[in-house]
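# Chain and residue survey
Letter by letter, the chains look like this.
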Amino acid sequence: MTRFHAKAAIPAAVALLVLAGCAGGPVASPTPTATTPSATATPTSTFNDEQQQAVAAVTRFYEVLDQVATDYEVSLNALHEVAAGDLVDQRLQTYQQYRVAGVRQTGRTKVGEVSSVTGGAGAFEVTVCVDRSDVDLLDPEGKSIIAADSPRRVVHQFGIREVGGSLRAVQDEAISTC
Amino acid sequence: MLKRLLAASGLAVLLVATGASGAQAAAVVECPQGTVWNGDECSLVIKTPSSGGGSGGGGSAAKSACTYQGMQIACASPHGYWNAARNCYVQPSSPQPPQDNAIWAGHTDGAIYTCTVFIGGVTSSYWFWAASSPVAVDPAALAQQIRDSMTFTPAQIGIVPEAKPGSIGLVGLPTWLWVQNPGATVLGPQSKSLTSGGVTVTLTAKVTSTTWTMGDGGVATCVGAGTPYQDAYGGDPSPTCGYRYAKQGVYTVTARTNWTATWTSNTGAQGVFNFAVANSTSIAMGEAQVINR
């Protein structure tokens with residue numbers, strides 16, 4: 001039982017958005033199409049406006065991550081728009097090495113159920129299910145470099161901070177599957 | 001659940017870990033051996049096609065101390081100095097991005113730097129902010145830079161018999177060898193210092209010996225410039241550098257000046273470059289015939 005499953009009373013609206021990202025969740029819902037963009041998490045009335053902005057920051061984070069991973073024409077510096085601190089450094093280094101090695105991503109990340117959003121005044125913690133089951137990382141020969149047993153739907157706890165006038169991801173911790 | 005050690009069966013270890021292996025998530029997710037948590041999943045790391053960071057320092061004891069995925073690469077490049085922490089060449093971004101660029105992340109101090117990797121024809125760069133300069137100057141790279149900036153002139157060969165048409169030496173008589181143009185760039189010593197990023201390196205280069213390859217299989221190794229021949233010496237041998245041919249013939253004589261360049265730095269690092277500069281000429285040797293009538 002994962003943290004995701006332990007969340008019992010999820011409002012229907014939340015459940016809908018969740019299932020767009022984490023297929024196979026406990027509540028039936030429409031399945032997203034293949035053209036669904038990265039962002040699928042839509043804040044609901046459960047969260048106030050600030051918290052919804054924090055969730056949107058996570059969505060933007062994965063949108064940009066997907067862009068730089070799939071399209072080498074997109075500057076790695078785009079990551080600075082959505083992340084800061086150690087987190088952006090880690091991702092920059094990873095994706096730079098991928099580019100040098102010729103590793104390309106296929107598929108898009110789905111940001112699924114938002115388990116919780118806490119904080120305010122420019123400092124939030126967003127716990128969300130991130131679904132990478134449609135994502136693959138291919139080496140120049142087209143072979144996947146993702147470990148066969150790697151978890152593909154993972155609950156991430158993001159630290160979101162207001163940095164330079166915008167909300168950006170500054171921390172990211174994987175805490176369970178979903 | 002993620003704590004379980006994921007089975008590594010069938011997963012070939014292709015390579016080195018990415019620089020992101022220290023991500024926070026790594027404390028929670030244990031990836032199979034040979035894979036790393038890239039922030040979202042456990043991934044193998046693909047080996048880069050080939051080293052392209054430039055060659056190391058010129059065939060000497062002062063080899064490059066910089067490596068990328070186990071390959072030795074030049075510590076200095078047009079993209080700056082190698083930064084082992086980021087696995088890229090780093091230099092201040094020029095021009096600096098405007099203050100309203102997201103890269104500044106609200107900082108008003110420090111500077112923006114560019115991190116560049118160029119491997120196998122692929123170049124990838126990104127910006128990062130740092131409060132103080134992360135450009136780590138490699139003393140060995142500075143030493144190489146000094147060496148490359150110095151002039152090392154080949155020796156002009158002084159030799160008797162002279163290397164000119166019509167001049168023929170006699171087998172068995174002394175051949176004199178010397179350097180006609182002794183000077184700092186030919187025999188040293190020459191010294192130079194360079195400072196960058198608080199690191200100062202001083203390099204002193206001098207010729208330790210000259211190896212004369214005589215063309216007949218013989219070699220004469222001499223220290224110093226040798227003694228120029230004068231007619232007053234007659235058939236005496238050179239007091240400093242000479243040779244005797246045993247057979248007549250036309251020989252190519254090569255003077256190889258052997259340089260030793262030692263460098264020290266204020267970081268305590270030191271090293272030595274050994275290299276040679278050569279020049280050649282041809283001489284003719286004949287045998288004296290006694291004719292009785």
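Quick look at the structure, then. Because the structure is predicted, anything quoted here is derived from the model rather than measured. (Residues numbered from 1 in each chain as written. Chains lettered and ligands numbered in written order. Predicted model: local features only at pLDDT ≥ 70, side-chain atom pairs only at ≥ 80, totals over all residues. Heavy atoms only, no water.)

Taken together, the contacts link 47 residues of chain A with 48 residues of chain B. Here chain A and chain B share an interface that buries about 3700 Å² over both sides, 55% of which is from carbon and sulfur atoms. Summed over the three residues of chain A that lose the most area to chain B, namely Q96, Q97 and V100 of chain A, the buried surface amounts to 18% of that side. At the junction of chain A and chain B, the tally comes to four salt bridges. Here R86 of chain B makes a salt bridge to D89 of chain A, at a shortest N to O gap of 3.0 Å. Summed over the shared surface of chain A and chain B, the number is 15 residue pairs in polar contact (both at pLDDT 80 or more). Those elements that provide at least two residues to the side of chain A that touches chain B are α3 (49-70), α4 (85-101), β5 (153-163) and β6 (166-177) of chain A. Broken down by class, the residue content of the side of chain A that touches chain B amounts to 22 nonpolar, 14 polar and eleven charged. (Contact = heavy atoms within 4.5 Å. Buried area = accessible area lost by both parts, 1.4 Å probe. Salt bridge = Lys/Arg side-chain N within 4 Å of Asp/Glu carboxyl O. Polar contact = N/O pair within 3.5 Å; in protein donor to acceptor, adjacent residues only side chain to side chain. Helix = DSSP H or I, 4+ residues; strand = E, 2+ residues; numbered from the N terminus. Nonpolar A, V, L, I, M, F, W, Y, C, P; charged D, E, K, R; others polar.)

For the rest of this paragraph, the subject is the pattern of salt bridges. Scanning all chains against the criterion turns up nine salt bridges over all chains. When the shortest N-O distance is used, the salt bridge between E141 of chain A and K143 of chain A registers 3.6 Å. The burial state of E141 of chain A is the same as that of K143 of chain A; both residues are exposed. Each of D66, R132 and R152 of chain A together with E41 of chain B takes part in one network of salt bridges that share partners. (Buried < 20%, exposed > 50% of the residue type's maximum accessible area, 1.4 Å probe, protein only.)

Take α4 of chain A next. The end-to-end C-alpha separation of α4 of chain A is 25 Å, in line with the 24 Å expected for 17 residues at 1.5 Å each. Counting buried residues along α4 of chain A, 15 of its 17 residues qualify, which places the element largely inside the surrounding structure. (Expected span 1.5 Å × (residues − 1).)

Before going further, it helps to spend a moment on the sheet that holds strand β12 (residues 174-179) of chain B. Residues and elements named next belong to chain B. Here three strands make up an open sheet; going across it, the order is β10-β12-β16 and the pairing antiparallel. Of all the strands in the sheet, just β10 (157-160) and β16 (242-244) have a single pairing partner and so form its edges. Geometrically, the sheet is characterised by an average inter-axis angle of 25° between neighbouring strands, direction not taken into account. Bridge count between β12 and β16: three bridges; the pairing is antiparallel. (Pairing = 2+ DSSP bridges. Axes fitted to C-alpha atoms, helices over the stretch in contact; angles between N-to-C directions.)

So, on to the packing of aromatic side chains. Residue and element names in this part refer to chain A. Counted under the stated rule, the structure contains 17 aromatic pairs over all chains. Relative to Y98, the ring of Y95 lies with its centre 5.5 Å away and its plane at 85°, an arrangement referred to as edge-to-face. Taken as a pair, Y95 and Y98 lie in helix α4 at a separation of three residues, close to a single helical turn. The class of Y98 is buried, set by a relative accessible area of 5%. (Phe/Tyr/Trp six-rings, centres within 6.5 Å; stacked < 30°, edge-to-face > 60°.)

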